[in-house]
Amino acid sequence: QVQLVESGGGLVQPGGSLRLSCAASGFTFSSFAMSWYRQAPGKERELVAAITSNGGSTNYADSMKGRFTISRDNRKNTVYLQMNSLKPGNTAVYYCNAHLIWGTVVYDYWGQGTQVTVSS
């Protein structure tokens, strides 16, 4: 059974930091690219950051560059998102995504999300 379980969300003051974790099981984690997405109320889900299967390459949304860092530990089947200098505009539900294209088959898995609220 495929599972992606996010944790680490919560309430933080502006300028603070949070580290999100996403624990994966039920599939070959090291073969999948991993991403973090977010969805704010009334808005569409958008990409925050992505990392390749071996961790060798990362990509960030422009507004997150320099403040957020995505990383992964393939021994622990876990992907992380370190978020620094948080702003109220970062308030959203953050989702973990696993993605693999194998020939003509697309594998796309999602976690249930974790709430991040940035407020004083």
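Residues numbered from 1 in each chain as written. Predicted model: local features only at pLDDT ≥ 70, side-chain atom pairs only at ≥ 80, totals over all residues. Heavy atoms only, no water.

When strand β4 (residues 33–39) meets strand β9 (residues 92–102), the two strands line up antiparallel, connected through 7 bridges. In the sheet register, Trp-36 faces β9, and the bridge partner there is Cys-96. Looking at chain direction, β9 and strand β11 (residues 114–118) are connected through 3 bridges and run antiparallel. Within the sheet, the bridge partner assigned to Tyr-94 lies in β11 and is Thr-114. (Pairing = 2+ DSSP bridges. Helix = DSSP H or I, 4+ residues; strand = E, 2+ residues; numbered from the N terminus.)

Turning our eyes to something else, we now look at the state of the cysteines. A complete count under the given rule lists 1 disulfide for this structure. Between Cys-22 and Cys-96 runs a disulfide, and the two sulfur atoms are separated by 2.1 Å. Residues Cys-22 and Cys-96 are joined through a disulfide that is left-handed, its torsion about the S-S bond being -80°. Separated by 74 residues along the polypeptide, Cys-22 in strand β3 (residues 18–25) and Cys-96 in strand β9 bring together distant segments of the chain. (Disulfide = S-S within 2.5 Å.)

Attention now goes to the pattern of salt bridges. Counted by the stated rule, this structure contains 3 salt bridges. Among the salt bridges present, the one from Arg-38 reaches Glu-46, with a minimum N-O distance of 2.6 Å. Judged by its relative accessible area of 10%, Arg-38 is buried. By relative accessible area, which is 35% here, Glu-46 ends up partly exposed. Across the salt bridge formed by Asp-73 and Arg-75, the nearest N and O atoms sit 3.2 Å from each other. (Salt bridge = Lys/Arg side-chain N within 4 Å of Asp/Glu carboxyl O. Buried < 20%, exposed > 50% of the residue type's maximum accessible area, 1.4 Å probe, protein only.)

Counting residues in each nonpolar core, the largest one holds 30 residues, and the members touching the most others are Met-34, Trp-36, Val-79, Leu-81, Met-83 and Tyr-94. At the level of elements, β3, β4, β5 (46–51), β7 (68–73), β8 (78–83), β9 and β11 are the ones that each hand at least two residues to this core. Counting residues per element, this core draws most heavily on β9, at 5 residues. (Core = buried A, V, L, I, M, F, W, Y, C linked by side-chain atoms within 4.5 Å.)

We now examine the environment of Pro-41. Topologically, Pro-41 is positioned in the loop between β4 and β5. Between the alpha carbons of Pro-41 and Thr-91 there is a distance of 8.9 Å; along the sequence they are 50 residues apart.

Strand order in this open sheet of 4 strands is β1-β3-β8-β7, and the pairing throughout is antiparallel. Each edge of the sheet is formed by a strand with only one pairing partner; in this case those strands are β1 (3–7) and β7. Going from strand to strand, the sheet's axes swing by 15° on average, the running direction of each strand aside. In this sheet, β8 lies alongside β3 in antiparallel orientation, the contact comprising 6 bridges. (Axes fitted to C-alpha atoms, helices over the stretch in contact; angles between N-to-C directions.)

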